[in-house]
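Per-entry structural report
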Amino acid sequence: MSFFGKLFGGKKEEAPSTSDAIQKLRETQDLLTKKQEYLEKQIDDCLSVAKKNSSKNKRLALQALKKKKRLEKTLQQVDGTLTTLELQKDALEGANTNAAVLISMKDAAAALKNAHKNLDIDNVHDIMDDIAEQHDIANEISNAISNPVGFGEDIDEDELNKELEELEEEELEKGLIDVPGPTKLPDLPSVDEGEKVRKPAKKVEDHDDLKELENWAL
């Protein structure tokens, strides 16, 4: 099929994937970038020729400047094309990212739907109600087990308090009976008879000394 047939009609070809389109755009960008560098070099050469012949050969200098103008116009077109290709590449990359995200979300939705296909919301509520009921039953059983059976059910609290008061009064009376009486004072210590004999002995000795002194004076 001719180029114009592909461009304006004819058998439609399958559209390339975004990855293939992005790859082709990158290849075209590389080609145009090389052409851009070549044009810039040609423009510099024309400018150099024009400067060298500006006074020596004006005709050659003017031709160099005209060529420079044509090259600059072509370079401007290449720059615009590169900008368009860059925008298109960014759009394709964004579309490719969005497509990947949508595919992932679609797969996740399908997996979630498959996980829920055997679940019914009414059944879920019934199960939760059963769980809550079983928890209540378990709590009742625990409370029933923790309360002692047959102990302390027939005991009268008033009777216990009365018995306790009687015991307290009994202990109080017992304490009053056991209080000891006044203690007997101890006997005074007796004087040793030997001491009574020894004390007058000192007076006798003093009398003998006095008598001896009187005899000596005579």
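Preceding block: the structure.
This text gives an overview of the structure that appears in the document.

Quick look at the overall build of the chain
- Counting secondary structure elements, the chain contains six helices and zero strands.
- When the elements of the chain are put in sequence order from the N terminus, they spell out α-α-α-α-α-α.
- For the chain, the proportion of its 218 residues judged to be buried stands at 11%.
- By sequence separation, contacts in the chain at least 24 residues apart represent 72% of the contacts at least 6 residues apart.

Observations concerning the pattern of salt bridges
- Under the criterion given, the structure shown has six salt bridges.
- Of the charged contacts in the structure, one is a salt bridge between Glu86 and Lys89, with a shortest N-O distance of 3.7 Å. Placement of both Glu86 and Lys89 in helix α3 (residues 58–116) is noted, with a separation of three residues, approximately one turn of the helix.
- The partner of Glu93 in a salt bridge is Lys89, with the nearest N and O atoms 3.4 Å apart. Taken together, the residues Glu93 and Lys89, both in helix α3 and four residues apart, mark about one turn of the helix.
- Here the salt bridges share partners, and the residues they tie into one network are Arg26, Glu86, Lys89, Asp90 and Glu93.

With respect to a nonpolar patch on the surface
- On the surface, a cluster of nonpolar side chains totalling about 560 Å² of accessible area is made up of Leu119, Ile121, Val124, Ile127, Met128 and Ile131.
- With respect to the helices, strands and loops of the structure, Ile127 is situated in helix α4 (residues 121–146).

Section: α3
- Here α3 is 59 residues long and its end C-alpha atoms lie 86 Å apart, about the 87 Å a rise of 1.5 Å per residue gives.
- What α3 keeps buried is the set Ala61, Ala64, Lys68, Leu71, Leu75, Val78, Leu82, Leu85, Lys89 and Leu92.
- Where α3 is buried, its residues meet α2 (18–52).

Quick notes on the side chain of Gln36
- Structurally, Gln36 can be placed in helix α2.
- A distance of 2.2 Å separates a polar atom in the side chain of Gln36 from a polar atom in the side chain of Asp79.

Regarding the packing of α2 against α3
- As a packed pair, α2 and α3 sit with axes 8 Å apart at the nearest point and diverge in direction by 160°. Judged on the interaxial angle alone, α3 and α2 are roughly antiparallel. Of the two elements, α2 crosses α3, and the hand of that crossing is left-handed.
- Across the contact of α2 with α3, the residue classes break down as 20 nonpolar, 11 polar and 10 charged.

Description of the nonpolar core
- Ranked by internal contacts, the top residues of the largest apolar core, which has 13 residues, are Leu32, Leu39, Leu71, Val78 and Leu92.
- Of all the secondary structure elements, the ones that give two or more residues to this core are α2 and α3.
- Once residues within four sequence positions are removed from consideration, Leu92 is found in contact with Thr18, Ala21, Ile22 and Leu25.

With respect to a negative patch on the surface
- Together, Asp156, Glu157, Asp158, Glu159, Glu163, Glu165, Glu166, Glu168, Glu169, Glu170, Glu171 and Glu173 give the surface a local cluster of negative charge.
- Position of Glu157 among the secondary structure elements: in helix α5 (residues 157–177).
- For Glu157, a relative accessible area of 52% puts it in the exposed group.

Calculation notes
Residues numbered from 1 in each chain as written. Predicted model: local features only at pLDDT ≥ 70, side-chain atom pairs only at ≥ 80, totals over all residues. Heavy atoms only, no water. Helix = DSSP H or I, 4+ residues; strand = E, 2+ residues; numbered from the N terminus. Buried < 20%, exposed > 50% of the residue type's maximum accessible area, 1.4 Å probe, protein only. Contact = heavy atoms within 4.5 Å. Salt bridge = Lys/Arg side-chain N within 4 Å of Asp/Glu carboxyl O. Patch = residues over 30% accessible without salt bridge, like charges linked within 9 Å, V, L, I, M, F, W, Y side chains within 5 Å. Areas by Shrake-Rupley, 256 points an atom, 1.4 Å probe, with all protein chains shown as cover. Expected span 1.5 Å × (residues − 1). Polar contact = N/O pair within 3.5 Å; in protein donor to acceptor, adjacent residues only side chain to side chain. Axes fitted to C-alpha atoms, helices over the stretch in contact; angles between N-to-C directions. Parallel < 35°, antiparallel > 145°, perpendicular 65-115°, else oblique. Left-handed = near helix turned anticlockwise from the far one by under 90°. Nonpolar A, V, L, I, M, F, W, Y, C, P; charged D, E, K, R; others polar. Core = buried A, V, L, I, M, F, W, Y, C linked by side-chain atoms within 4.5 Å. Lys, Arg positive; Asp, Glu negative; His and termini not counted. Charge placed at Lys NZ, Arg CZ, Asp CG, Glu CD.

These results come straight from atomic positions and should not be treated as a statement about function.
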